[in-house]
Amino acid sequence: MHARVLRYLDEVVRRGSIRKAAEHLHVAPTAVNRQILDLEAELGAPLFDRIHNRLRLTPLGEMVLAHVRSTLREHAALRERIAEFKDERRGEITVATTAGLAGSLMPSLVHDFRQRYPGIAVRIIDLPMAEIPAAVERGDAELGLGYDLSLKAALRTLSASEWPIGAVVPPKHALARMASVLLSDCIGHALILPAPQLTIRTLLDEAFERNAIKVTPVAESTSMALILRLVALGEGIALLNPLDVMEERARNALVFVPLRDAHLARQTLVLAARAKGQLSAAAELMAANIGDALARLFATAR
């Protein structure tokens, strides 16, 4: 059915008469009446019972009206989405994440995103892991990205992926030639570990304890940049996940060798948003961009 007759039929029912509908639509009553009569002729049955100059929907009319209103709602929603789509290349998006991810994953991700959507400003705030959910819940950020996030009921998971832990070594290190290693293979080397307050350290400590391995790291830090720099300088090897070292691997500065210990847990990287309300167009684009980037990176992670 033509869009015009849909509006005409809806307004006739809402206003209770062809005359009032025509006044609201700013058209002649004869134009509205002709559209209704043509539709009835097309359907082969009346839509209204015309009794004493009053219009009452027939059973067929009720059925057609339900379809008309559903179509009009869908059309309105489509127009809103089209308007949003036209404007989606402008706006602002704030992502709350950890300092480690802000320094490793996010630079290339933001660069790629800005190449595709130069009109969208990207704001990255780095927070301790425990503060990311609260920042999203308060509305300080539309998206939160972190490992093993403890999400409240007010938040929802948009995507989640599990990342292995491995040894990070210089290219000429003895372990660099191995396809995978065990934790026990790393003990004879100086260890540079994430600080105890980081979630990856909790996973490592649990694995050390389970394997009855005692370790004394030569250095600890909450800074992934510092850990990687120390590894590059030959101070020891680190135990991290592939996202922590993605840029160094890309330029062949460091090598990631996965740990194959059966009971070593993986880090779960979670992208979260508020449970209620719809994401802005910019946030939807960023969420999709993060999901696509992680899928590509996961496919190449050893």
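Now for a look at the structure at hand.

What counts, and at which threshold
Residues numbered from 1 in each chain as written. Predicted model: local features only at pLDDT ≥ 70, side-chain atom pairs only at ≥ 80, totals over all residues. Heavy atoms only, no water. Helix = DSSP H or I, 4+ residues; strand = E, 2+ residues; numbered from the N terminus. Rg over C-alpha atoms; globule rule 2.2 N^0.38 Å. Buried < 20%, exposed > 50% of the residue type's maximum accessible area, 1.4 Å probe, protein only. Phe/Tyr/Trp six-rings, centres within 6.5 Å; stacked < 30°, edge-to-face > 60°. Core = buried A, V, L, I, M, F, W, Y, C linked by side-chain atoms within 4.5 Å. Contact = heavy atoms within 4.5 Å. Salt bridge = Lys/Arg side-chain N within 4 Å of Asp/Glu carboxyl O. Arc of directions from axis to C-beta. Pairing = 2+ DSSP bridges. Axes fitted to C-alpha atoms, helices over the stretch in contact; angles between N-to-C directions. Parallel < 35°, antiparallel > 145°, perpendicular 65-115°, else oblique. Left-handed = near helix turned anticlockwise from the far one by under 90°. Nonpolar A, V, L, I, M, F, W, Y, C, P; charged D, E, K, R; others polar.

Scanning the protein for helices and strands turns up 12 helices and 12 strands. In terms of overall size, the protein is more extended than a compact globule, its C-alpha atoms giving a radius of gyration of 30 Å where 302 residues would be expected to give roughly 19 Å. Along the three orthogonal principal directions, the C-alpha set of the protein runs to about 100 × 40 × 35 Å. Across the 302 residues of the protein, 41% fall into the buried class.

Applying the stated rule across the entire model yields two aromatic pairs. Seen from their ring centres, Phe 113 and Tyr 117 are 5.1 Å apart, and the 50° between their planes marks the pair as tilted. Considered together, Phe 113 and Tyr 117 belong to a single accessibility category, that of buried residues. With 5.2 Å between their ring centres and 85° between their planes, Trp 163 and Phe 298 make a pair best called edge-to-face. With Trp 163 in strand S6 (residues 155-163) and Phe 298 in helix H12 (residues 281-300), this residue pair connects regions lying 135 residues apart in the sequence.

Turning our attention to the nonpolar core. Residues Ile 93, Leu 105, Leu 143, Leu 145, Leu 243, Leu 269 and Met 286 are the most contacted members of the largest nonpolar core, which totals 37 residues. Those elements that provide at least two residues to this core are strand S3 (91-97), helix H6 (105-116), strand S4 (120-126), helix H7 (132-138), strand S5 (143-147), strand S12 (267-274) and H12. Among the elements that take part in this core, H12 stands out by supplying eight residues, more than any other. Excluding residues that lie within four positions of it along the chain, Leu 145 makes contacts with Ala 96, Thr 97, Thr 98, Leu 101, Leu 105, Met 106, Ile 132, Leu 269, Val 270, Leu 271 and Ile 290. Counting 22 residues, the second-largest nonpolar core is a separate cluster that includes Ala 167, Ala 176, Leu 239 and Val 255.

Bringing the pattern of salt bridges into the picture now. This model, assessed by the stated rule, comprises 11 salt bridges. Linking Glu 137 and Lys 152 is a salt bridge whose minimum nitrogen-to-oxygen distance equals 3.4 Å. Taken together, the residues Glu 137 in helix H7 and Lys 152 in the loop between S5 and S6 connect sequence positions 15 residues apart. By relative accessible area, Glu 137 is classed as partly exposed at 34%. Taking the relative accessible area as the measure of exposure, Lys 152 reaches 46% and is therefore partly exposed. With its nearest N and O atoms 2.9 Å apart, the salt bridge here joins Asp 205 to Arg 201. Here Arg 201 and Asp 205 lie together in helix H9 (residues 199-210), a separation of four residues that amounts to about one turn. According to the relative accessible area criterion, Asp 205 is partly exposed, its value standing at 30%. Judged by its relative accessible area of 7%, Arg 201 is buried. Within the structure, one salt-bridge network assembled from shared partners comprises Asp 10, Arg 14 and Arg 69.

Counting through the fold element by element, Met 129 comes out in the loop between S4 and H7. Separated by 15 residues in the primary sequence, Met 129 and Gly 144 have C-alpha atoms spaced 9.7 Å apart. When sequence neighbours within four positions are dropped, the list of residues in contact with Met 129 reads Thr 98, Gly 146, Tyr 147, Leu 149 and Thr 199.

All buried positions along helix H10 (residues 224-232) are accounted for by Met 224, Ile 227, Leu 228 and Val 231. Along the axis of H10, the buried positions cluster into a sector of 95°, meaning they face one direction only. Turned more than 90 degrees away from the buried face of H10, the exposed residues are Ala 225 and Arg 229. Residues of H10 that are buried in the fold lie against helix H5 (99-103), strand S7 (166-169), strand S8 (191-194), strand S9 (219-221), strand S10 (237-240) and helix H11 (246-250). Positive backbone phi, approximately 85°, marks Gly 234, located one or two places after H10.

Residues in a regular strand point their side chains to alternate faces of the sheet. Note: S7 against S10, three bridges, orientation antiparallel. Bridging across to S10, Gly 166 finds its partner in Leu 240. Sheet analysis places S7 next to strand S11 (residues 255-258), joined by four bridges and oriented antiparallel. Paired with Val 168 across the strands is Phe 256, a residue of S11.

Axis separation between helix H1 (residues 3-15) and helix H2 (residues 18-25) bottoms out at 8 Å; the angle between their running directions is 120°. Taken together, the axes of H1 and H2 are oblique relative to one another. Here the hand of the crossing between H1 and H2 comes out right-handed. Here Arg 7, Tyr 8, Glu 11, Val 12 and Arg 15 of H1 come into contact with H2, specifically with Ile 18, Lys 20, Ala 21, His 24 and Leu 25. Here the contact of H1 with H2 is built from residues that sort into five nonpolar, one polar and four charged.

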